[in-house]
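# Per-entry structural report
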Amino acid sequence: MNNNPAENAIRPFMVGRKNWLFSHTPRGAHASAAIYSLIETAKANGLVPYQYLRFVFETLPTLGEDDDLDALLPWRWKDTLPI
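Quick caveat: nothing in here was measured; it's all calculated off a predicted structure.

### A few points about the packing of helix H2 (residues 26–44) against helix H3 (residues 49–59)
Direction vectors running N to C along H2 and H3 enclose 125°, while the axes themselves pass 9 Å from each other. Taken as axis vectors, H2 and H3 run oblique relative to one another. When the axes of H2 and H3 are compared, the crossing they make is right-handed. Of the residues in H3, those in contact with Ile35, Leu38, Ile39, Ala42 and Lys43 of H2 are Pro49, Tyr52, Leu53 and Phe57. For the contact of H2 with H3, a count of residues per class yields eight nonpolar, no polar and one charged.

Quick look at the structure:
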């Protein structure tokens, strides 16, 4: 048994940890963590992170207060891709 998939999933965090030293504030660190989380979740769902992030950043401002954010989740967006 090995854990190569788990090690490969956390490798970007290990490579980027020195960059986190430059967050300077807790808010900056939280923002970095949110972006890393979105990117890794997109990868885990077989999406191209750039396309998914672009979709999220273009759609999020158009949502109203009562709109459901579940539509932005990667496993939901994957279902709406054209075949």
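### What to know about the pattern of salt bridges
The final tally for this structure, using the stated rule, is two salt bridges. We note a salt bridge from Lys43 to Glu40, for which the minimum N-O separation is 3.4 Å. With Lys43 and Glu40 both in helix H2 and three residues apart, the pair spans about one turn of that helix. Look at Lys43 and you get partly exposed, because its relative accessible area is 43%. Of the residues examined, Glu40 reaches a relative accessible area of 17% and is grouped as buried. Between Arg54 and Glu58 there is a salt bridge, and its shortest N-O distance comes to 2.9 Å. Remark: Glu58 and Arg54 occur in helix H3; sequence separation between them is four residues, near one turn of the helix. Among the residues examined, Arg54 registers a relative accessible area of 46% and is labelled partly exposed.

Conventions and cut-offs
Residues numbered from 1 in each chain as written. Predicted model: local features only at pLDDT ≥ 70, side-chain atom pairs only at ≥ 80, totals over all residues. Heavy atoms only, no water. Axes fitted to C-alpha atoms, helices over the stretch in contact; angles between N-to-C directions. Helix = DSSP H or I, 4+ residues; strand = E, 2+ residues; numbered from the N terminus. Parallel < 35°, antiparallel > 145°, perpendicular 65-115°, else oblique. Left-handed = near helix turned anticlockwise from the far one by under 90°. Contact = heavy atoms within 4.5 Å. Nonpolar A, V, L, I, M, F, W, Y, C, P; charged D, E, K, R; others polar. Salt bridge = Lys/Arg side-chain N within 4 Å of Asp/Glu carboxyl O. Buried < 20%, exposed > 50% of the residue type's maximum accessible area, 1.4 Å probe, protein only.

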